[in-house]
Each structure stands twice: as C-alpha cells, then as structure tokens.
Amino acid sequence: MMHDLEMNTDRGAGPFVTFRHLHLPDGHRIWLARNHRRGVGAVFAPRPFWQYRAFNGVMAVGFAIGSMLFAVGAALSLFPAFSGDLSSTERDVNRIFFIGSLFFTLSAYLQVFQSANAGEKLVSKNAPSLRSYLGWRPKDPGWLSSSAQFAGTILFNLNTYDAFLGGGWLRQDVLIWVPDMLGSLLFLFSGYLAVVETCHDWWAWRPRTLAWWIVMVNFAGCVAFMASALLAFVPPSGASVNVIAVSTFFTLFGAMGFFLGALLAMYECISKTDPTSRS
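Reading guide: rules and limits
- Residues numbered from 1 in each chain as written.
- Predicted model: local features only at pLDDT ≥ 70, side-chain atom pairs only at ≥ 80, totals over all residues.
- Heavy atoms only, no water.
- Helix = DSSP H or I, 4+ residues; strand = E, 2+ residues; numbered from the N terminus.
- Buried < 20%, exposed > 50% of the residue type's maximum accessible area, 1.4 Å probe, protein only.
- Contact = heavy atoms within 4.5 Å.
- Areas by Shrake-Rupley, 256 points an atom, 1.4 Å probe, with all protein chains shown as cover.
- Salt bridge = Lys/Arg side-chain N within 4 Å of Asp/Glu carboxyl O.
- Axes fitted to C-alpha atoms, helices over the stretch in contact; angles between N-to-C directions.
- Parallel < 35°, antiparallel > 145°, perpendicular 65-115°, else oblique.
- Left-handed = near helix turned anticlockwise from the far one by under 90°.
- Nonpolar A, V, L, I, M, F, W, Y, C, P; charged D, E, K, R; others polar.
- 1 Å grid on protein atoms, 1.4 Å probe; cavity = no way out; pocket = protein on both sides within 12 Å on 5 of 7 lines; lining within 4 Å.
- Points joined across faces, edges and corners; volume = space filled by probe spheres on them.
- Expected span 1.5 Å × (residues − 1).
- Polar contact = N/O pair within 3.5 Å; in protein donor to acceptor, adjacent residues only side chain to side chain.

*Asks:* Explain the overall build of the chain to me, using residue names and the numbers behind them.
*Replies:* Broken down by element type, the chain carries seven helices and three strands. Counting helices and strands in the order they occur from the N terminus, the chain gives β-β-β-α-α-α-α-α-α-α. For the chain, the proportion of its 279 residues judged to be buried stands at 47%. Residue pairs at least 24 apart in sequence account for 67% of intrachain contacts in the chain once pairs closer than 6 positions are excluded. Accessible surface computed for the chain: about 14100 Å², of which carbon and sulfur atoms make up 67%.

*Asks:* Run through the pattern of salt bridges, naming residues and quoting values.
*Replies:* Two side chains carrying opposite charge are able to pair once their charged atoms lie near each other. Tallying each qualifying case throughout the model produces six salt bridges. Close ionic contact of Arg20 with Asp10 constitutes a salt bridge, the shortest N to O distance being 3.4 Å. Taken together, the residues span a long stretch of sequence, with Arg20 in strand E2 (residues 19-24) and Asp10 in strand E1 (residues 6-11) at a distance of ten residues. Taking the shortest distance from any N to any O, the salt bridge between Arg137 and Asp140 comes out at 3.3 Å. We classify Asp140 as buried; its relative accessible area is 14%. One network of salt bridges, in which partners are shared, links Arg34, Arg38 and Glu268.

*Asks:* Account for unusual backbone geometry, with residues named and values stated.
*Replies:* For residues other than glycine, phi is negative in most cases, and the peptide bonds are mostly trans. Phi angles above zero are rare outside glycine, and His200 is one such case at about 60°. With respect to the helices, strands and loops of the structure, His200 is situated in the loop between helix H5 (169-199) and helix H6 (210-231). For His200, a relative accessible area of 6% corresponds to the buried category.

*Asks:* Explain the packing of H6 against helix H7 (residues 241-270) to me, and be specific about the residues and the numbers.
*Replies:* Their axes nearest at 8 Å, the elements H6 and H7 cross at an angle of 160°. As judged from the angle between their axes, H6 and H7 are roughly antiparallel. With respect to the hand of their crossing, H6 and H7 are arranged in left-handed fashion. A breakdown of the residues in the contact of H6 with H7 according to their chemical character gives 21 nonpolar, eight polar and one charged.

*Asks:* I'd like a description of the layout of surface pockets, backed by residues and values.
*Replies:* As a volume, the largest pocket reaches approximately 1000 Å³. Every residue lining the largest pocket is counted, 37 residues in all, and those nearest its centre are Asn94, Phe97, Ile176, Ile244 and Thr248. When contributions to the lining of the largest pocket are tallied by element, the ones reaching two or more residues are helix H2 (53-78), helix H3 (90-116), helix H4 (141-162), H5, H6 and H7. In terms of residues, the lining of the largest pocket owes the most to one element, H7, which gives seven residues. Looking at the lining of the largest pocket residue by residue, the class counts come to 22 nonpolar, 13 polar and two charged.

*Asks:* Tell me what's going on with H7, and back it up with residues and numbers.
*Replies:* Compared with the 44 Å implied by 1.5 Å per residue over 30 residues, the 44 Å span of H7 between its first and last C-alpha is a close match. The backbone nitrogen of Asn242 lies 3.3 Å from a side-chain oxygen of the residue at the head of H7, namely Ser240.

Pasting the structure below:
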C-alpha cells in the first residue's frame, strides 16, 4: 500500500493519526489528514474532481450562502425594522432559515462525499476511483466530522420546516426544539473533530496557519448554535421575549462564525501558499 515510503513521525489525538512525516525516495514530505482529504498539495496528478480547488470552493460557497441566510433571518427576527419594504413576518423569516438549511445540507453532503472517497493511501500515482456516496471511515476524524455535520444539517432541515407548522409549546418543543438541540449537538461534535484533525491534538494554538483559523471560527459558530438551542426551549408557560432574543442573538453569532469560516475557506482555495509549510 505504501511502496518506497517509510513513516518516521506520527501525530494525532488519541486513536486519530492526522500528521505524518514521510520519508520518500525524493525526499521528506509532511502529510496532513485535512489536506489529504481535500486534495491540497497532492503529489501526483491526475486527481479526482472531488479533490480539486473548484470542488472545495463550491462547498465553501454553499456554506457561505447558508450561513448568510441564517444571519439574515436572525437579524430580521431581532431587528424587524431592517427589512425595509420586505415583509418581516414570522413565516417569511422561517422561509429564509429553511432555504439556508438546504444550502448547509448540500455543502455538508459534498464534504461527506469527499471524505468518503479520500482513500487509504497516503500518496498514490493513480487517481482514486469513486467508491462510496457516504462511506464508513470511523477512524478518520475528517469523515466523522463531515458525517456528524451532515446529519446535523438534516435535523436543521426538519427543525426549520416544522417552524412553519406553529402550534403550542409542546408541539414547538417536539417538532422544533428537539431537532434543533440534536442538530446543534452534532454540529458541536463535528466542529470539535475538525479542530482535532487540524491541530493534531485535542487542542492546540496555531494562529499562524489558515486552516486553524477556519476550524476555530467554525467551532465558535457551533458553540453559539448550541447556546441558541439551549435557550430555545419553550416551557409550558410560554417563552420569555428576552430569552428568545438572546437565543436569536446566538443564532446570529453562530451564522456569522460559519460565514467567516466559509470566506476563509474560499480564500484557502485560491491561496498559493503551501499549507504544510508551518503546520
């Protein structure tokens, strides 16, 4: 599987290997799990389409649109006067959230597809062929992170769609809050695994690397979504206006975190800097 290749340094958190210092016939090379998954700095060509910059760029654009729509929906909920001539009714805001969740789901699936087909080989002269639409790679933090995020986006699809149905406190908690809570937990799990994959440890301070900033601002967005979900529970007596406002503020903060992460990911796609040079 790894001809003429010797691994002399492995790093990672727990069972996950996310960094390797490889000895190749033509010299040394640093292998990073995140870059391998995304096709960044590939040694050989051709590569499959899911490892090209354009594919990564499409994923980033989808996350950017989804997060921007979430931010717009949250802003209209907090400051309805911002809507101007547009209707700022609750149904219109719900529609914005639902459409945003669809963009999240599309990009999250593309990420799962990419992770599922990353391949086991560290380097290869042959482009890997399509093998799976979902995959099963439980030892790969990138695949685990992508899969958890994809599952979370599906729950957000349900949560934002169910918001159209309305109803009393029990219906809101069962149909809206429960999927929101579970989806936010999956996002938090996903965000932390992305940190583990990039930091090569349970946690690390690497502000000189772009990938670190991408996963950290996304993780901050996940934390904010989690805080929003915790505050969104509707008691039998009805939800407090102030609590709803704080919950919506955290949704806005989380959406802005993901939007910034998507912008940084887009910049990563066009950047010519070697991402392995300071990792």
